[in-house]
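Each chain is listed here by its residues.
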Amino acid sequence: MAIALGEIAVRFGCELRGNPETLVDHVAPLESADSGALSFLANPKLIPVLVNTRASAVVLEARSAPSCPVDALIASNPHALFARIAALIYPTPPLRAGIHPTAVVDPSASIDSSVEVGAHAVITAGARIGPRCLIGPACIIGPQASLGADCRLIARVTIEHGVQIGERALIHPGVVIGADGFGLARDADGWVKVPQVGSVRIGDDVEIGANTTIDRGAMDDTVISDGVKLDNQIQIGHNVFVGMHTAIAGCTGVAGSTRIGARCMIGGHVGFAGHIQICDDVVITGKSAVPHSIKQPGIYSGVVGLEPVRIWHRIVARMKLGVRREHGRRERKDDNDE
């Protein structure tokens with residue numbers, strides 16, 4: 001979809017330095033952009049790339065504009081404005097309201113007439129689907145589950161019984177919401193399964209990446225608050241709470257009953273212990289381990305960088321030696337106290 005820069009500037013209230021009649025119809029990186037492309041610059045370190053761009057227009061900050069050889073849209077947050085413009089250029093495909101002949105829909109399910117239900121989808125007893133939702137191919141909506149307006153389940157999404165999803169959720173292929181949590185009680189003869197009788201509550205404007213799993217609560221509900229963004233292949237354990245507008249990157253695992261605050265940013269492959277609390281406005285870098293609660297906002301990291309194996313062995317040996325020395329000091333102190 002082609003859009004004039006003048007229309008973009010008026011719609012988003014940004015400054016235009018250039019020709020308002022210039023059209024953009026696709027997006028591209030600075031280095032490979034061509035005529036008709038819109039690009040953006042958020043990092044001033046990339047100005048050497050900017051000066052050679054062949055894009056038709058670039059979204060950038062005012063301080064970078066003198067280096068821009070093409071039309072410029074000025075914004076305090078170029079990446080965010082670029083995202084909004086890209087959504088105009090690439091609009092979401094319109095729904096084709098109706099139920100595919102191969103879908104299976106229980107007569108007691110409530111489905112708004114504007115909903116599109118794809119091939120081989122299954123919607124079970126008592127499920128409620130709000131206006132303008134997309135239920136993509138092979139999705140399964142369990143008994144008594146509910147979806148608010150304008151949700152999009154792309155394909156092969158499983159929503160288990162009783163799960164509640166707010167409005168405008170975007171759920172990518174392979175997601176499972178509401179499967180049993182890892183609830184087991186130790187017994188002399190092995191393990192006894194603890195019934196998982198809670199559910200999952202998803203707020204408004206939540207996005208959930210491909211193959212992410214969100215377990216139902218053991219007794220209370222697992223809660224994903226408004227505006228949360230979850231990447232691919234994340235595991236959210238039972239009774240976890242994730243606060244508003246928190247973003248979590250791929251392959252992170254959150255153990256049961258952990259509470260993560262609002263506006264947090266969690267890097268990829270982070271591991272959370274269970275029954276801990278993370279306050280609001282915390283940033284945790286990728287591959288960190290989080291064994292205890294965090295009570296103060298800030299940036300946290302628990303990563304030991306990659307080293308040649310011979311150096312790594314020496315690091316481990318020194319860490320063990322330090323622990324043994326500390327243990328010895330404590331034992332001597334205990335003996336003296338006696």
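Residues numbered from 1 in each chain as written. Predicted model: local features only at pLDDT ≥ 70, side-chain atom pairs only at ≥ 80, totals over all residues. Heavy atoms only, no water.

Examining the pattern of salt bridges
Oppositely charged side chains may form a pair once their charged atoms are brought near each other.
Phase 1: Evaluation of the coordinates by the stated rule reveals 12 salt bridges.
Phase 2: Glu-61 is paired through a salt bridge with Arg-63; the nearest N and O atoms lie 3.1 Å apart.
Phase 3: A salt bridge links Asp-205 to Arg-168; its shortest N-O distance comes to 2.6 Å. With a gap of 37 residues between them, Asp-205 in the loop between strand S24 (200–202) and strand S25 (207–208) and Arg-168 in the loop between strand S19 (164–165) and strand S20 (170–171) connect regions that are remote in the sequence.
Phase 4: Linked through salt bridges whose partners overlap, the residues forming this network are Glu-167, Arg-168 and Asp-205. (Salt bridge = Lys/Arg side-chain N within 4 Å of Asp/Glu carboxyl O. Helix = DSSP H or I, 4+ residues; strand = E, 2+ residues; numbered from the N terminus.)

What to know about the side chain of Asp-71
Phase 1: In this structure, Asp-71 sits in strand S7 (residues 71–74).
Phase 2: The side chain of Asp-71 sits in the buried core without any salt bridge; Arg-17 is the nearest counter-charge, 11 Å away.
Phase 3: Among the polar contacts listed, one links the side chain of Asp-71 to the backbone nitrogen of Asn-19, at a separation of 3.4 Å.
Phase 4: In terms of polar contacts, Asp-71 uses its side chain to reach the side chain of Thr-22, at 2.7 Å.
Phase 5: Excluding anything up to four places from it in sequence, Asp-71 contacts Leu-5, Arg-17, Gly-18, Asn-19, Thr-22, Ser-56, Ala-57 and Val-58. (Buried < 20%, exposed > 50% of the residue type's maximum accessible area, 1.4 Å probe, protein only. Lys, Arg positive; Asp, Glu negative; His and termini not counted. Polar contact = N/O pair within 3.5 Å; in protein donor to acceptor, adjacent residues only side chain to side chain. Contact = heavy atoms within 4.5 Å.)

What about helix H3 (residues 78–89)?
Phase 1: Here H3 spans 16 Å end to end across 12 residues, near enough to the 16 Å set by a 1.5 Å rise per residue.
Phase 2: All of the buried residues along H3 are Pro-78, Leu-81, Phe-82, Ile-85, Ala-86 and Ile-89. Around the axis of H3, the buried residues are gathered within 140° of arc, so they sit on the same side. (Expected span 1.5 Å × (residues − 1). Arc of directions from axis to C-beta.)

Some details on the nonpolar core
Phase 1: Counting residues in hydrophobic clusters, the biggest one holds 50 residues, and the most contacted among them are Ile-135, Ile-141, Leu-153, Ile-165, Ile-177 and Phe-272.
Phase 2: Elements with a minimum of two residues in this core: S24 and strand S37 (282–284).
Phase 3: In this structure Ile-141 touches Val-122, Ile-123, Thr-124, Ala-127, Ile-129, Ile-135, Leu-147, Leu-153 and Ile-159, once residues within four positions along its chain are discounted.
Phase 4: If you look at the next biggest cluster of nonpolar residues, it comprises 15 residues, including Ile-8, Ala-9, Leu-73 and Leu-81. (Core = buried A, V, L, I, M, F, W, Y, C linked by side-chain atoms within 4.5 Å.)

Description of the packing of aromatic side chains
Phase 1: Enumeration over the complete set of coordinates arrives at one aromatic pair.
Phase 2: Here Phe-40 and Phe-82 contribute two aromatic rings whose centre-to-centre distance is 4.7 Å and whose plane-to-plane angle is 35°, an arrangement assigned as tilted. Of this pair, Phe-40 sits in strand S5 (residues 37–40) while Phe-82 sits in helix H3, placing them 42 residues apart in sequence.
Phase 3: Over the ring of Trp-191 we find Arg-186, and its NZ or CZ is 5.0 Å from the ring centre. (Phe/Tyr/Trp six-rings, centres within 6.5 Å; stacked < 30°, edge-to-face > 60°. Lys NZ or Arg CZ within 6 Å of the ring centre and 35° of its normal.)

What to know about the packing of helix H1 (residues 5–12) against H3
The packing of two helices is summarised by the inter-axis angle and the distance between the axes.
Phase 1: Look at H1 against H3: their axes get within 12 Å of each other, and the N-to-C directions meet at 120°. In this view, H1 runs oblique relative to H3, as classed from their interaxial angle. Taken as a pair, H1 and H3 cross one another with a handedness that is right-handed. For the pair H1 and H3, the contacting residues are Ile-8, Arg-11 and Phe-12 in the first and Leu-81, Arg-84, Ile-85 and Leu-88 in the second.
Phase 2: For the contact of H1 with H3, the residue count by class is five nonpolar, no polar and two charged. (Axes fitted to C-alpha atoms, helices over the stretch in contact; angles between N-to-C directions. Parallel < 35°, antiparallel > 145°, perpendicular 65-115°, else oblique. Left-handed = near helix turned anticlockwise from the far one by under 90°. Nonpolar A, V, L, I, M, F, W, Y, C, P; charged D, E, K, R; others polar.)

Details of the environment of Asn-211
Phase 1: By the element assignment, Asn-211 lies in the loop between S25 and strand S26 (213–215).
Phase 2: C-alpha of Asn-211 to C-alpha of Leu-5: the two residues are 206 residues apart in sequence and 38 Å apart in space.
Phase 3: Setting aside residues no more than four positions away along its own chain, Asn-211 makes contact with Pro-173, Gly-174, Val-175 and Gln-233.

Thoughts on the environment of Asp-150
Phase 1: Along the chain, the position of Asp-150 falls in the loop between strand S16 (146–147) and strand S17 (152–153).
Phase 2: Owing to a relative accessible area of 27%, Asp-150 belongs among the partly exposed residues under this scheme.
Phase 3: Sequence separation of Asp-150 and Ala-169 is 19 residues, and the distance between their C-alpha atoms is 7.2 Å.
Phase 4: Each residue touching Asp-150, except ones within four places of it in the same chain, is listed here: Pro-131, Arg-132, Cys-133, Arg-168 and Ala-169.
Phase 5: There is a polar contact of 2.8 Å between the side chain of Asp-150 and the side chain of Arg-132.

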